[in-house]
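Summary of the model geometry
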Amino acid sequence: MDLIKRKLETAIKSSIKNSQITIIYGLRQVGKTTLIQKILEEHKSNVLKLSGDLKSDREILGEDNLEELVGTLESGQVLFVDEAQRVENIGLVSKYIADNCDVKIILTGSSSFDLANKIKEPLTGRSNEFHLLPLSYFEQKRYAVKHIKQKSLESNLLFGSLPAVFLSNNNEKLLKLNQLSGSYLYKDILDFQDIRNSNKLEDILQVLSNNLGQITSMNNLAQLSEMNRRTLLKYMDLLENNYIVYGLRPYGKRLNRQINTKMKYYFTDLGIRNTYNNFSKIDSRVDKGALFENFIVNEFKKSFSNNNVLFSKFYFYRNYDGQEVDLIITSGKSTYAIEIKYSEKAKARIPNDLPVDDSCYTSVVNRLNFDIEIEVITKRCLDEQTFA
């Protein structure tokens, strides 16, 4: 069976060809290893693959053995380190190898790179970085057309879009999600952040699942999670840096300090979210609107990442009267105000006091037009990008 064509594949191939160090971040099981292995099968150079999950491979990359490793690497060879966040001081190790060898280095792992190994500091300006997200709806659509495999919005809302889950039937999807959830999902957090009790992480994820897409404050989340605010902030930072959840901040310079502490949180993959909820059919769910909103924000993020839309930021808006805009995107000098409604019959109105000028692009995205609107807005952002 053919592998799913990832939109970032071409850009990553170009980076491997033209840059010495290529880094791919992403959630566990998002397809990083599979994608790199596919690319390297087409690469004519000799490849040395090491895994941070293996103690023996971590020792090869250890300080005591680094000179020996450098001595064995050949000019033009590719060094691929998978799960590199598990290698101590991987940033300094990579810099040393790059300084002493004419090799290509590929590193994959979660964003705990930055937490455990401070990779950015030694490799600043020397590497290309990519963020591989779960399958976009458009990647699924291309695969479905080729393989006559049903693409389904409901499947995305219930089971998410991690590659292994997408390629499974419904019963297998539940089994795979069960295997992925829990301690495996945040393995790096437990291993590297001196957090020995995963129950608090589970509690936070349960609270975030119950409050999906709702505007909330850290104080409120701390109360619901039964922990102090400082501890919650630490855990939230870890969950975001490992691509499990992410937050949107409020849009607008005139919001007061109290409102400005409010956030909206979403799950990077809805299948993972629903392991903390349920997998009931969409039509019977009271949270289908929240699931669809999470799905749309995810799809915009995937589309912007996959198409290299630069200088973009995502927000939500809420005024003092409680009127909201689900998603505000700024890209360069342009602003996009997007209301997200599961039903195509639902009405939506952009608040008159939204602090944008007349050029702001407004849109109501629903289950029938979302793919078109995402493509249109992505293209507009790309067309507006200018380079010095």
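Residues numbered from 1 in each chain as written. Predicted model: local features only at pLDDT ≥ 70, side-chain atom pairs only at ≥ 80, totals over all residues. Heavy atoms only, no water.

1. Some remarks on the sheet that holds strand β8 (residues 262-267)
- Reading across the sheet, the 7 strands line up as β6-β8-β7-β9-β10-β11-β12 and stay open at both edges, with mixed pairing between neighbours. A strand with exactly one partner marks an edge of an open sheet, and here the two such strands are β6 (215-217) and β12 (361-365). Strand after strand, the sheet turns through a mean of 40° between neighbouring axes, direction not considered.
- In the sheet, strand β11 (residues 334-340) pairs with β12 via 5 bridges, with the strands oriented parallel. Bridged to Glu-339 within β12 is Val-364.
- Relative to the sheet, helix α13 (residues 199-210) contacts β7 (245-250) and β8, its axis offset from that of β8 by approximately 100°.
- The strands touched by helix α19 (residues 370-384) are β10 (324-331), β11 and β12; relative to β12, the strand with the most contacts, the crossing angle is about 160°. (Pairing = 2+ DSSP bridges. Helix = DSSP H or I, 4+ residues; strand = E, 2+ residues; numbered from the N terminus. Axes fitted to C-alpha atoms, helices over the stretch in contact; angles between N-to-C directions. Contact = heavy atoms within 4.5 Å.)

2. Notes on the packing of aromatic side chains
- Summed over the entire model, instances satisfying the criterion amount to 13 aromatic pairs.
- Here Tyr-143 and Phe-166 contribute two aromatic rings whose centre-to-centre distance is 6.0 Å and whose plane-to-plane angle is 75°, an arrangement assigned as edge-to-face. Linking Tyr-143 in helix α8 (residues 137-147) with Phe-166 in helix α10 (residues 163-166), this pair joins segments that are 23 residues apart in sequence.
- Accessibility expressed as a relative area gives 6% for Tyr-143, which makes it buried.
- For Phe-166, a relative accessible area of 6% translates into the label buried.
- An aromatic cluster of at least three residues, connected via ring pairs, comprises Tyr-137, Phe-292, Phe-295, Tyr-342 and Phe-370.
- Over the face of the ring belonging to Tyr-246 we find Lys-301, whose NZ or CZ atom lies 5.0 Å from the ring centre.
- A cation over a ring is seen here: Lys-301 above Phe-314, with NZ or CZ 4.6 Å from the ring centre. (Phe/Tyr/Trp six-rings, centres within 6.5 Å; stacked < 30°, edge-to-face > 60°. Buried < 20%, exposed > 50% of the residue type's maximum accessible area, 1.4 Å probe, protein only. Lys NZ or Arg CZ within 6 Å of the ring centre and 35° of its normal.)

3. Looking at helix α2 (residues 32-41)
- Looking at α2, one finds that the buried residues are Lys-32, Leu-35, Ile-36, Lys-38, Ile-39 and Leu-40.
- The elements touched by buried residues of α2 are α1 (9-18), β1 (21-25), β2 (47-51), β3 (78-82) and β4 (104-109).

4. Quick look at the packing of helix α14 (residues 218-225) against helix α15 (residues 229-241)
- Across the interface, α14 lies against α15 with an axial gap of 9 Å and an inter-helix angle of 95°. For the element pair α14 / α15, the angle class is roughly perpendicular. Here Met-218, Asn-219, Leu-221, Ala-222 and Ser-225 of α14 come into contact with α15, specifically with Arg-229, Leu-232, Leu-233 and Met-236.
- For the contact of α14 with α15, the residue count by class is 6 nonpolar, 2 polar and 1 charged. (Parallel < 35°, antiparallel > 145°, perpendicular 65-115°, else oblique. Nonpolar A, V, L, I, M, F, W, Y, C, P; charged D, E, K, R; others polar.)

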